[in-house]
Amino acid sequence: MKKTLIPLLILAASVAGFESCKKDSTNETANVQIRLTDAPTALQEVNVDIQSIRVKFRDDENDSTKNWVDLATVPGVYNLLALQGGIDTLLASGTLPERQVKEIRFILGPNNTVKDNGIVYPLTIPSGAESGLKIKFSKALEATLNTIVVDFDAALSVKEETPGEYKLRPVLKIK
């Protein structure tokens, strides 16, 4: 009886110790980076004024603005064409809970332009000027560094509607 009781006590103590070391997944955090890159286009510049980046989680109940989490963003005007051929830039970072991300939103400022044949034109953003550019996707954040690279395809996103009138209809992909 003593020979079987001792191993059972050791096993019970080990299981209890292991269970007490488990971490509560609701309190875990993950480090996140949002990076930007682009594919080639015939334009000389495509400048997008990025002011902030926000993240929404899959388990948020509704789409109200209070459920968005703002990341520490490096605001500025980014020339998408300088981000080609494997080059990217850090736009935002932060520490978020380990949850399922469902959407990223780019909030843009008013200084969006294109340069074509040496002339700079305003770049109009018909949808998204107020609400931002949205990327819907699904990614579970983990305790390690999570890098999300957004490919802002300028060639597919910028259209010349009439001579000198350019509109941005963003084509954004997660790489």
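Residues numbered from 1 in each chain as written. Predicted model: local features only at pLDDT ≥ 70, side-chain atom pairs only at ≥ 80, totals over all residues. Heavy atoms only, no water.

1. Points about the overall build of the protein
- For the protein, the helix and strand inventory stands at 2 helices and 14 strands.
- Considering the protein as a whole, with its 175 residues, one finds that 37% of them fall into the buried category.
- Long-range pairs, those at least 24 residues apart, make up 75% of the contacts in the protein with a sequence separation of at least 6.
- Here the protein displays about 9,900 Å² of accessible surface, and carbon together with sulfur accounts for 55% of that area. (Helix = DSSP H or I, 4+ residues; strand = E, 2+ residues; numbered from the N terminus. Buried < 20%, exposed > 50% of the residue type's maximum accessible area, 1.4 Å probe, protein only. Contact = heavy atoms within 4.5 Å. Areas by Shrake-Rupley, 256 points an atom, 1.4 Å probe, with all protein chains shown as cover.)

2. A short note on the packing of aromatic side chains
- According to the stated counting rule, one finds 1 aromatic pair in the structure shown.
- On the basis of an interplanar angle of 40 degrees and a centroid distance of 5.3 Å, the ring pair of Y121 and Y166 is categorised as tilted. Of this pair, Y121 sits in strand β9 (residues 119-124) while Y166 sits in strand β13 (residues 165-168), and the two are 45 residues apart along the sequence. Y166 carries the same exposure label as Y121, and that label is buried. (Phe/Tyr/Trp six-rings, centres within 6.5 Å; stacked < 30°, edge-to-face > 60°.)

3. Observations concerning the sheet that holds strand β1 (residues 29-37)
- The 5 strands lie next to each other as β4-β6-β1-β11-β14, forming an open sheet whose pairing is mixed. Edge positions in the sheet fall to β4 (72-73) and β14 (172-174), since each of these pairs with one other strand and no more.
- As defined by bridge partners, β1 adjoins strand β6 (residues 89-97) across 8 bridges and the pair is classed as antiparallel. The residue bridging I34 from the neighbouring strand is A92, located in β6. (Pairing = 2+ DSSP bridges.)

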